[in-house]
Protein chains: 2
Amino acid sequence: MKDDKITQLMSHQAIRRLPHYLKYLKNLDTASNDRISAAVMAADLRLYEGLVRKDLAFVSSVSGKPRVGFKIDDLISGIEHFLGYDMPNRAVLAGAGHLGKALLCYRGFESYKLEIVAAFDVAEKLIGSEICGKEVFPLEKARDLCPRLNVRIGIITAPAAVAQEVCDILVDAGVLAVWNFAPAQLSVPRGILVQNENMAESLAILSNHLTEKRR
Amino acid sequence: MKDDKITQLMSHQAIRRLPHYLKYLKNLDTASNDRISAAVMAADLRLYEGLVRKDLAFVSSVSGKPRVGFKIDDLISGIEHFLGYDMPNRAVLAGAGHLGKALLCYRGFESYKLEIVAAFDVAEKLIGSEICGKEVFPLEKARDLCPRLNVRIGIITAPAAVAQEVCDILVDAGVLAVWNFAPAQLSVPRGILVQNENMAESLAILSNHLTEKRR
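So, here's what we can say about the structure. (Residues numbered from 1 in each chain as written. Chains lettered and ligands numbered in written order. Predicted model: local features only at pLDDT ≥ 70, side-chain atom pairs only at ≥ 80, totals over all residues. Heavy atoms only, no water.)

Remarks on the overall build of chain A
How we decide: Secondary structure elements are defined from DSSP: runs of H or I of at least 4 residues count as helices, runs of E of at least 2 residues count as strands, and each element is numbered from the N terminus. Under the scheme applied here, a residue whose accessible area is under 20% of the maximum for its type counts as buried, over 50% as exposed, and between as partly exposed, the area being computed with a 1.4 Å probe on protein chains only. Between two residues, a contact is recorded if the distance between any of their heavy atoms is within 4.5 Å. Exposure was quantified through the Shrake-Rupley algorithm and a 1.4 Å probe, taking into account, for residues, occlusion by the shown protein chains and nothing else.
Check the secondary structure of chain A and you find 9 helices and 9 strands. Each of the 215 residues in chain A was classed as buried or not, and the buried ones make up 50%. Considering only contacts within chain A whose residues lie at least 6 apart along the sequence, 57% involve residues at least 24 apart. A total accessible area of about 10800 Å² is found for chain A, and carbon and sulfur atoms account for 51% of it.

Set out below in structure tokens:
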């Protein structure tokens, strides 16, 4: 593996490309050919060759050979290791409304080794219930439960007005990364990552596109 | 208003900042002061002043005055007009599973003038039912219903395996923009916008962050 100081320099934009590489590589037919070149990958994925070459150099332990390229299996395990998909991450979810339920029941997280182990809410009628096999606990139990369950990720699907308060509780409970679905800007201590899913931003792009079409 | 050719040049990154400006401007207390400068906005939002100044020049019909800045009301209506929030957009949603239900029931879209008017699915048990006041129709009704309802946006929450097929049907039914929540790359004709909500990309960033923490 590469030196950690180097791997840390990979940009978020580059990291965002890795799931697409993984999906592409896993769909290749390795029976006929177990190698792939950066040039072929770039052409298939409609990306610049130099970009793909640089990304692969980051995540691969061995260099691609001229003309024959990279071993596909090596690339897959290299990317999975880089992304931490070879070590499961445990998450809790705070806010078991419609969106929270959708995420609790979503099966697609398994392939990314993300496991939502419990949910939190403040609504009496939800507490104690199970949503797709995950129990809903009162929010004040987070500080106790998260360290015990070795939880590292906090998913916030609570309303925007209480998102910061919920975030503070989860950070206090030891989560190292917050996946924020609430339309709120969150403040966190240094070293904690906040990844925002901002639907308002996407809506702005959609709406602007339609406005341009009308003009 | 600015020349259309100029407004079209605004980058997606810049458009993504506009909802944050809107939210900020709407929260300002205009009773004491009805103007704001790019410098103050930039400082409050922790952005570069030059960037904010450039964005505001795009969306504002009048220039900010030296020292006193922009009229807050003008900026709000300028951004809303630029984003098309002054004209409602109608959408349909295809795939009424957990995520589909979450979006059908989400009330936050109203402030972006996005109205989901109907849902489509292929599951017999869902067809004819209502989810948060929106009826679920069989997918094959899309070609008939979308033009009649003047639908411009298609939201795809169907499984990845059928997402392209669903997308083709919606595009054929006349939608001009696709908001894609399925983890699939969609092909569309030129002039149709696809906005992907890619949770795999976000998960990659979260997981990589935790991996770095472990090293």
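Comments concerning the layout of surface pockets
Gaps between atoms show up when a probe of the same size as a water molecule is rolled over them. As a reminder, the rule being used: Each cavity reported here is a set of points on a 1 Å grid over the protein atoms alone in which a 1.4 Å probe fits but cannot get out, each pocket an open set with protein on both sides within 12 Å along at least five of seven lines, and each lining residue one with an atom within 4 Å of a point. Grid points are joined across faces, edges and corners, and a volume is the space filled by probe spheres set on the points.
Approximately 830 Å³ is the volume attributed to the second largest pocket. Surrounding the second largest pocket, 37 residues form its lining, Y106 of chain A together with G97, H98, T157 and P159 of chain B being those nearest its centre. Here the lining of the second largest pocket gets 5 residues from one element, more than from any other, and that element is helix 8 (residues 160-172) of chain B.

Concerning the state of the cysteines
Residues and elements named next belong to chain A. What counts is decided by this rule: Two cysteine sulfur atoms form a disulfide, by the criterion used here, when they sit within 2.5 Å.
Summed over all chains, the structure comprises 2 disulfides over all chains. Paired through a disulfide, C105 and C132 show a sulfur-sulfur distance of 1.9 Å. On the sign convention where negative means left-handed, the S-S torsion of about 100° between C105 and C132 marks this disulfide as right-handed. Here C105 is found in helix 6 (residues 98-105), whereas its partner C132 is found in the loop between strand 5 (130-131) and strand 6 (134-138), with 27 residues between them in sequence.

Observations concerning the relation of the copies chain A and chain B
Where we set the bar: Copies are brought into register by a least-squares superposition over C-alpha atoms of residues with pLDDT of at least 70 in both.
Mapping chain A onto chain B calls for a screw motion: a turn of 180° about the axis and a shift of 0.0 Å along it, with 0.1 Å RMSD after fitting. One copy is carried onto the other by what is essentially a two-fold rotation axis. A shared interface surface links the copies, since 100% of the contact residues of chain A are contact residues in chain B too.

Description of the pattern of salt bridges
Residues and elements named next belong to chain A. The condition is simple: Should a side-chain nitrogen of Lys or Arg be within 4 Å of a carboxyl oxygen of Asp or Glu, the pair is scored as a salt bridge.
Under the defined criterion, the tally for this structure stands at 12 salt bridges over all chains. R143 is the partner of D172 in a salt bridge, and the nearest nitrogen-oxygen pair spans 2.3 Å. Here D172, found in helix 8 (residues 160-172), pairs with R143, found in helix 7 (residues 142-148); they are 29 residues apart in sequence, far enough to count as distant. For R143, a relative accessible area of 45% translates into the label partly exposed.

Digging into the nonpolar core
The line we're drawing: The set of buried Ala, Val, Leu, Ile, Met, Phe, Trp, Tyr and Cys residues whose side-chain atoms join them within 4.5 Å is what this entry labels a nonpolar core.
With 54 residues, the main nonpolar core has L25, M41, I155 and W179 of chain A as its most contacted residues. Setting aside chain neighbours within four positions, we find M41 of chain A in contact with Y21, Y24, L25, I36, V52, L56 and L75 of chain A. Counting 51 residues, the second largest nonpolar core, distinct from the first, contains F82, L83, A96 and L103 of chain B.

Quick word on the interface of chain A and chain B
For clarity, the threshold we go by: Two parts lose some accessible area (1.4 Å probe) when they are put together, and adding that loss for both gives the buried area. Think of it as three bins: nonpolar holds Ala, Val, Leu, Ile, Met, Phe, Trp, Tyr, Cys and Pro, charged holds Asp, Glu, Lys and Arg, and polar takes everything else, Gly as well.
Contacts between chain A and chain B engage 60 residues on the former and 60 residues on the latter. Each partner contributes to the roughly 5700 Å² buried at the junction of chain A and chain B, and carbon and sulfur atoms together form 61% of this total. Our count for the chain A to chain B interface comes out at 0 salt bridges. Of all the secondary-structure elements, those providing two or more residues to the side of chain A that touches chain B are helix 1 (4-7), helix 2 (12-26), helix 5 (72-83), helix 6, strand 8 (177-180), strand 9 (193-196) and helix 9 (199-214) of chain A. Element by element, the count of residues in the side of chain A that touches chain B is highest for helix 9 of chain A, at 16 residues. Looking at the side of chain A that touches chain B, its residues break down into 33 nonpolar, 17 polar and 10 charged.

Some points on the packing of helix 3 (residues 38-45) of chain A against helix 4 (residues 49-59) of chain A
Helix packing for two helices is described by the angle between their axes and how far apart those axes are. All names here are of chain A. Going by this rule: Between N-to-C directions, angles span 0 to 180 degrees; the directions come from axes that are lines fitted to C-alpha atoms, helices contributing only their stretch in contact. What sets the label is the angle itself: under 35 degrees gives roughly parallel, over 145 gives roughly antiparallel, 65 to 115 gives roughly perpendicular, and the rest give oblique. In this scheme, a crossing is called left-handed if the near helix is turned counterclockwise away from the far one by less than a right angle; it is called right-handed if the turn is clockwise.
Direction vectors running N to C along helix 3 and helix 4 enclose 120°, while the axes themselves pass 8 Å from each other. Relative to helix 4, helix 3 is oriented oblique. The two elements helix 3 and helix 4 cross, and the hand of that crossing is right-handed. Where helix 3 approaches helix 4, its residues A38, A39, M41 and A42 are matched on the opposing element by E49, V52, R53 and L56.

Some words on empty space enclosed by the protein
Per the counting criterion, the structure on display carries 2 cavities of 30 Å³ or more. Estimates place the volume of the largest cavity at around 90 Å³. For the largest cavity, the full set of lining residues is L99, L103, F181, E197 and M199 of chain A together with L99, F181, E197 and M199 of chain B. Put simply, the second largest cavity is a space of about 40 Å³. For the second largest cavity, the full set of lining residues is L203, L206 and S207 of chain A together with Y85, N89, Y112, K113, L114 and I153 of chain B.

Describing the sheet that holds strand 5 (residues 130-131) of chain B
Residues and elements named next belong to chain B. Convention followed: Being paired, for any two strands, means DSSP has found at least two bridges between them.
The strand order 5-6-4-3-7-8-9 describes an open sheet built from 7 strands, whose pairing is mixed. Edge positions in the sheet fall to strand 5 and strand 9 (193-196), since each of these pairs with one other strand and no more. Here helix 7 (residues 142-149) sits on the sheet in contact with strand 3 (89-94), strand 4 (114-121) and strand 6 (134-138), set at roughly 165° to strand 4.

A few points about the packing of aromatic side chains
The condition that has to hold: For Phe, Tyr and Trp, where Trp contributes only its six-membered ring, two rings pair if their centres lie within 6.5 Å, and the inter-plane angle classes them as stacked under 30 degrees, edge-to-face over 60, or tilted in between.
Under the definition given, this model contains 8 aromatic pairs over all chains. Ring geometry for W179 of chain A and F181 of chain A: centres 5.0 Å apart, planes at 50°, overall tilted. Accessibility classification places W179 of chain A together with F181 of chain A in one group, the buried group. Seen in terms of ring centroids, Y85 of chain B and Y112 of chain B are 5.5 Å apart; in terms of plane orientation they differ by 70°. Their pairing is edge-to-face. Here Y112 of chain B lies in the loop between helix 6 (98-105) and strand 4 and Y85 of chain B lies in the loop between helix 5 (72-83) and strand 3, a separation of 27 residues in the sequence. Taken individually, Y85 of chain B and Y112 of chain B each receive the classification buried, so the pair is uniform in this respect. Grouped by ring-pair contacts, the aromatic residues F109, W179 and F181 of chain A constitute a single cluster.

Brief notes about the sheet that holds strand 7 (residues 153-156) of chain A
As a general point, the strands of a sheet are linked pairwise by backbone hydrogen bonds and lie either parallel or antiparallel. Residue and element names in this part refer to chain A. In space, the 7 strands of this open sheet follow the order 5-6-4-3-7-8-9, with mixed pairing throughout. Every interior strand has two partners, whereas the edge strands, strand 5 and strand 9, have only one. With 6 bridges connecting them, strand 3 (residues 89-94) and strand 4 (residues 114-121) associate as parallel partners. Of the residues in strand 4, the one forming a bridge with A91 is I116.

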